[in-house]
Amino acid sequence: MLRVVFGVAAFSGAVGKHASRLGRSHVTMAASAPYGSWESPITAAFITEAGVGLGGLTVGPVSSDLFWLERRSKEGGRSVLCRRAPGDAAASERGGVDVTPAGSNVRTRVHEYGGNSLIIGQEAGAEYVIYSNFADQRLYKLPVGGGESLELTPKSAYAEDARYRFADFALDEPRKRLICVREDHSNPNPADVVNAVVAVALDGSGAMEVLAAGSDFYAAPRLSPDGSKLAFVSWEHPNMPWDSTRLSVVELEQASGRPKEGTAPTVVAGADGRTSVLQPAWSPKTGELFFVSDGQNGFWNLHCVPDAQSTPLGRWERATNVMPLGADFSGSAPGWALGQQGYSFARSSGAVLAAVRLPGEAASTLLVLDSAFPHAELSRHSAADGGLPYGFGGLCSKEDGTVYLLGSSPQLPAAIYEWSGLTTAAAAPATMLASSMKADAVIDPKFISSPQLMQFPTTDEAKTGVLTAYGYYYPPTNGDFSAPEGELPPLLVKAHGGPTACTGASFNPGTLFWTSRGFAVMDVDYRGSTGYGRSYRQALAGNWGIVDIEDVCAAAQFLSQQGLADPARLCIDGGSAGGFTTLGALAFKKVFAAGCSLYGVADCSALAADTHKFESRYLDGLIGKYPEEKAKYDARSAIYSTETLSCPVLLLQGDEDKIVPPNQAEAMHKALLDKGIPTALKMYKGEQHGFRQAANIQDALNSELFFFSRVLQPRFEPPGVPAFAIDNFDNGA
């Protein structure tokens, strides 16, 4: 039930520092118009047509070329591996050339959320890429320089497409194999899906060998530099990776690479059953094993085993917290996607590079730690010293000390940056190499709303002891318009997905779509969100549908009391788990006037009985054990409380969603119809959990705006937004 893949984090817009192209206005003075009716150049079409999603930065092992993944909504949301070659005749305006062939889609469905679906290796000095193709979930090996691809998992090995899914790759080139997580769907019933760590032969035979099995889940298999040890993370139902995991290491036979006979994996961290251990990585220079763990102070701090190459496996519990801080070294919302990594190593020096958000700060800081134990801090860098973007992650580097990263800010779009601050003056600014938006799609700063991180008081029915919640407030902003004197703006409260995830202050055209039309937006990090420590995260344990609803309601009421929102026009939306919070807030509280649920959970019992393996026991920790505590599930499900629901609800859903199946939206729609509440259901063909196709992203945004414009009082007229029929509503009024 993770994040909304809906014109927000996946698509970022460009902001001009000087003269702008988009939004250059003939209006010389701000015109007066009601909030919500302001004309804006940030249209739904602009959001999807002007940008691509960027991620998965990596450096070629031979060429030192930069590679990245692009997700293209205009091509059905497919992901393409690109290589930076700005001088190539085939290069895009981002300076990249496609590596993976037309029609392919680099994406895996392990855990449904996927992640780490490719890896670049080298053979006889020539680079190749191994990737998972979304349509058949098979593995392909493709020469980077061109040539025929080799199917590593051909039909001669197994006939059925998607029987196996592969992710989280590590190469063992001396033994000519790929080590990865395999998810076996021979029996598709979630309880019968089998996860394991396997080795796949690189010869195209489809031969596979299991290296670790028996646990419910596996992640991050990582081979030591000398090939003698394999580290991996595992965990069991009903835990999720942010609850309790184990980091284990197994010794391998030198020739075969199989686990040594008679030796069991050694648990390095997480044996207490109360610790989340994630993101293992071996230092390429020292051979030390690093990982992040929240076991010491409640934050995912960076740990290492100081002498991993020589210490007997039985003594590996002596891991050291490298830099105790009230901050996460894991990146935001770790555990959802495979391959997430909040830190990296400088290829040239072996220094540890960690992107963190320090306590009390919304911006990122790069911590550079010495390669030698005890890994003392060498330097730190951020936007404040003029060197780096406001927010960043996805670090990788070249041998010459150049660092690549993904960066953005509240005013600047997601982009790939190059930074030489490790080898030159500390204040050397990062250079933008590729923006997620087209060069001619620059937004005038007068349409940009700058967020303010707020903390606000909340209620505590569940007695969690946590009485403060957080959110990013965006004021309505449009330099061409102002509202009539005395009018307060409508407010859109956003509940993020997950629910064990978070929002942030990065540039977000999906939010600017609203603020540039006269809406205020409050993006809430309710209790249970990541980024505030384990105690804040664990406040949601057993309390989903209580504390999250309290917090979104408290946010709306707080802004209303501050005179920042019209108390009669408070709206809420959310996707997935955020949709559950949205529906619950509408059903159980009398705060909001309307809401929109995007592929949201309406029936907790139905979700527990009909979802994929990764999240099939997630609700045990969020609500209670199922089916023993089914009464709790039903009490917190909006579909069983429509008698208390009296405000309009829009439902947006993909018809191929395996995480929150379409029957949830259909059942909720019927219940609303039966009660006579204004509602509409839009079912998008070919969409899964989150919208990836440009036409559907556009329609979803426009539909939500139109819906609110009709059902809120007083009404407003948003220009250029297509109308559609609303059920149980006088559409001609």
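Worth saying up front: this structure is predicted, and the values here are computed from it rather than measured. What you see as residue numbers is a count from 1 along each chain, following the sequence as written. At least 70 in pLDDT is required for a residue's local features to be given in this predicted model, at least 80 for side-chain atom pairs to be given and counted, and no such filter applies to totals for whole chains, interfaces and linings, which use all residues. The basis for the side-chain values is all heavy atoms of the structure; hydrogens and waters are excluded.

**Brief notes about the environment of arginine 636**
- Considering the arrangement of structural elements, one finds arginine 636 in the loop between helix 8 (630–635) and strand 39 (649–654).
- Through-space distance from the C-alpha of arginine 636 to that of tryptophan 544 is 8.3 Å; in sequence the pair is 92 residues apart.
- Residue contacts for arginine 636: discarding those within four places in its chain leaves Gly542, Asn543, Trp544, Gly545, Ile546, Phe580, Phe588, Cys604, Leu622 and Ile623.
- In the analysis that follows, any N or O atom pair within 3.5 Å is treated as a polar contact, provided that within protein one partner can donate a hydrogen and the other can accept it, and provided that, for residues neighboring in sequence, both atoms belong to side chains. In terms of polar contacts, arginine 636 uses its side chain to reach the backbone carbonyl oxygen of glycine 542, at 2.9 Å.
- From its side chain, arginine 636 meets the backbone oxygen of tryptophan 544 in a polar contact 2.9 Å long. Runs of E in the DSSP output that reach at least two residues are strands. Runs of H or I that reach at least four are helices, and both are numbered from the N terminus. For this analysis, residues touch if any pair of their heavy atoms sits within 4.5 Å.

**Some thoughts on the nonpolar core**
- Throughout this description, the term nonpolar core refers to a set of buried Ala, Val, Leu, Ile, Met, Phe, Trp, Tyr and Cys residues connected via side-chain atoms within 4.5 Å. Here the term buried applies to any residue with accessible area under 20% of the maximum for its type, exposed to any over 50%, and partly exposed to those in between, with areas from a 1.4 Å probe on protein chains only. Within the largest apolar cluster, 75 residues are counted, with the highest numbers of intra-cluster contacts made by Leu230, Phe329, Tyr343 and Trp544.
- Residues Ile42, Tyr472, Leu598 and Leu650 belong to the second largest nonpolar core, which totals 43 residues.

**Topic: the sheet that holds strand 4 (residues 66–72)**
- Whether two strands pair depends on DSSP finding at least two bridges between them. Reading across the sheet, the four strands line up as 3-4-5-6 and stay open at both edges, with antiparallel pairing between neighbours. Across the chains shown, the open sheet's two edge strands, defined by having one partner strand only, are strand 3 (53–59) and strand 6 (96–98). Within this sheet the neighbouring strands show an average axis-to-axis angle of 35 degrees, counted without direction.
- Here strand 3 runs beside strand 4; their pairing, made up of five bridges, is antiparallel. Following the sheet pairing, leucine 54 is matched in strand 4 by glutamate 70. Here the axes come from fitting lines to C-alpha atoms, over the contacting stretch only for helices, and the angles between their N-to-C directions go from 0 to 180 degrees.

**Side note on the pattern of salt bridges**
- Basic side-chain nitrogens of Lys or Arg form a salt bridge, by our definition, when they fall within 4 Å of a carboxyl oxygen of Asp or Glu. All told, the structure shown has 37 salt bridges when counted by the stated rule.
- Taking the shortest distance from any N to any O, the salt bridge between glutamate 70 and arginine 72 comes out at 3.0 Å. You'll find glutamate 70 and arginine 72 in the same group, each marked buried.
- Between aspartate 294 and arginine 534 there is a salt bridge, with its nearest N and O atoms 2.6 Å apart. Here aspartate 294, found in the loop between strand 20 (289–293) and strand 21 (301–305), pairs with arginine 534, found in helix 3 (residues 534–538); they are 240 residues apart in sequence, far enough to count as distant.
- In this structure aspartate 294 comes out as buried when scored by relative accessible area, which is 3%.
- A residue is classified by how much of its surface remains accessible, and arginine 534, at 17% relative accessible area, is buried.
- A cluster of three or more residues bridged by salt bridges with shared partners is formed by Glu70, Arg72, Glu75, Arg78, Arg94 and Asp98.

**Details of the packing of aromatic side chains**
- Centres within 6.5 Å are what make two rings of Phe, Tyr or Trp a pair, Trp counting through its six-membered ring; a difference in plane orientation under 30 degrees is then read as stacked, over 60 as edge-to-face, and the rest as tilted. Within this structure, the stated rule accounts for 30 aromatic pairs.
- Centre to centre, the rings of tryptophan 336 and tyrosine 618 are 5.8 Å apart; their planes meet at 70 degrees, and the pair counts as edge-to-face. Placement of the pair is tryptophan 336 in the loop between strand 22 (320–321) and strand 23 (343–345) and tyrosine 618 in helix 7 (residues 618–622), with a sequence separation of 282 residues. For the pair formed by tryptophan 336 and tyrosine 618, the shared burial category is buried.
- The structure contains a cluster of three or more aromatic residues connected by ring pairs, namely Tyr113, Phe217, Trp235, Trp242, Trp336, Phe614 and Tyr618.
- Whether a charge sits over a ring comes down to the Lys NZ or Arg CZ being within 6 Å of the ring centre and within 35 degrees of the ring normal. The ring of phenylalanine 513 has arginine 517 sitting right over it, with the charged end atom 4.2 Å from the ring centre.
- Of note, lysine 613 hangs over the ring of phenylalanine 217, and the distance from its end group to the ring centre comes to 5.0 Å.

**Here we look at the layout of surface pockets**
- Using only the protein atoms, space was sampled on a 1 Å grid; points where a 1.4 Å probe fits but cannot get out form cavities, open sets with protein on both sides within 12 Å along at least five of seven lines form pockets, and lining residues are those with an atom within 4 Å of a point. Grid points are joined across faces, edges and corners, and a volume is the space filled by probe spheres set on the points. In this structure, the second largest pocket spans a volume of roughly 370 Å³.
- Taken together, 23 residues make up the lining of the second largest pocket; nearest its centre are Pro188, Pro190, Thr611, His612 and Lys613.
- When residues are sorted by character, Ala, Val, Leu, Ile, Met, Phe, Trp, Tyr, Cys and Pro go into the nonpolar class, Asp, Glu, Lys and Arg into the charged class, and all the rest, Gly among them, into the polar class. Split by residue class, the lining of the second largest pocket holds eight nonpolar, six polar and nine charged.

**Observations regarding the sheet that holds strand 20**
- Strand order in this open sheet of four strands is 19-20-21-22, and the pairing throughout is antiparallel. Either end of the sheet is taken by a strand with one partner, and the two such strands are strand 19 (277–282) and strand 22.
- By the bridge criterion, two bridges tie strand 21 to strand 22 in an arrangement that is antiparallel. Bridged to cysteine 304 within strand 22 is threonine 320.

**Things to note about the packing of helix 4 (residues 547–561) against helix 5 (residues 577–588)**
- The geometry of helix 4 relative to helix 5 is characterised by a closest axis approach of 9 Å and an angle of 75 degrees between their N-to-C directions. One finds that helix 4 runs roughly perpendicular with respect to helix 5. Contacts between helix 4 and helix 5 involve Asp548, Ile549, Val552 and Cys553 from the former and Phe580, Thr581, Gly584, Ala585 and Phe588 from the latter.
- Here the contact of helix 4 with helix 5 is built from residues that sort into six nonpolar, two polar and one charged. Orientation labels follow simple angle bins: below 35 degrees gives roughly parallel, above 145 gives roughly antiparallel, 65 to 115 gives roughly perpendicular, and whatever is left gives oblique.

**Let's talk about helix 4**
- Expected helix span is given by 1.5 Å per residue-to-residue step, counting one fewer step than there are residues. With 15 residues, helix 4 should reach 21 Å at 1.5 Å per residue; the first-to-last C-alpha distance of 20 Å fits that figure.
- Counted residue by residue, helix 4 has 13 buried out of 15 residues, so it is predominantly covered.
- Of the residues one or two after helix 4, glycine 563 is the one with positive phi, at around 75 degrees.

**Brief notes about the environment of glycine 393**
- Tracing the sequence through the fold places glycine 393 in strand 27 (residues 391–397).
- The class of glycine 393 is buried, set by a relative accessible area of 19%.
- Sequence separation of glycine 393 and alanine 556 is 163 residues, and the distance between their C-alpha atoms is 31 Å.
- In contact with glycine 393, not counting residues within four places along its chain, are Ala355, Leu405 and Leu406.

**Considering the side chain of lysine 494**
- Take lysine 494: it is sitting in strand 35 (residues 491–495).
- Taking the relative accessible area as the measure of exposure, lysine 494 reaches 15% and is therefore buried.
- Among the polar contacts listed, one links the side chain of lysine 494 to the side chain of aspartate 573, at a separation of 3.0 Å.
- Ignoring anything within four residues of it in the chain, the contact list for lysine 494 reads Trp514, Val521, Met522, Asp523, Val524 and Asp573.

**Regarding empty space enclosed by the protein**
- Counted by the stated rule, this structure contains three cavities of 30 Å³ or more.
- In this structure, the largest cavity encloses a volume near 170 Å³.
- Forming the boundary of the largest cavity are 17 residues, of which Ala219, Leu278, Gln279, Ala337 and Gly339 lie nearest the centre.
- At the level of secondary structure, the elements contributing two or more residues to the lining of the largest cavity comprise strand 15 (217–223), strand 16 (229–235) and strand 19.
- Among the residues forming the lining of the largest cavity, the class breakdown is ten nonpolar, five polar and two charged.
- In this structure, the second largest cavity spans a volume of roughly 40 Å³.
- Counting only elements with at least two residues in the lining of the second largest cavity, the list comes to strand 39 and helix 9 (662–675).

**Thoughts on the pairing of strand 27**
- Burial of strand 27 is extensive: six of the seven residues sit out of reach of the surface.
- The antiparallel hairpin formed by strand 27 and strand 28 (residues 403–408) contains five residues in its connecting segment, where glycine 401 sits at a positive phi of about 95 degrees.

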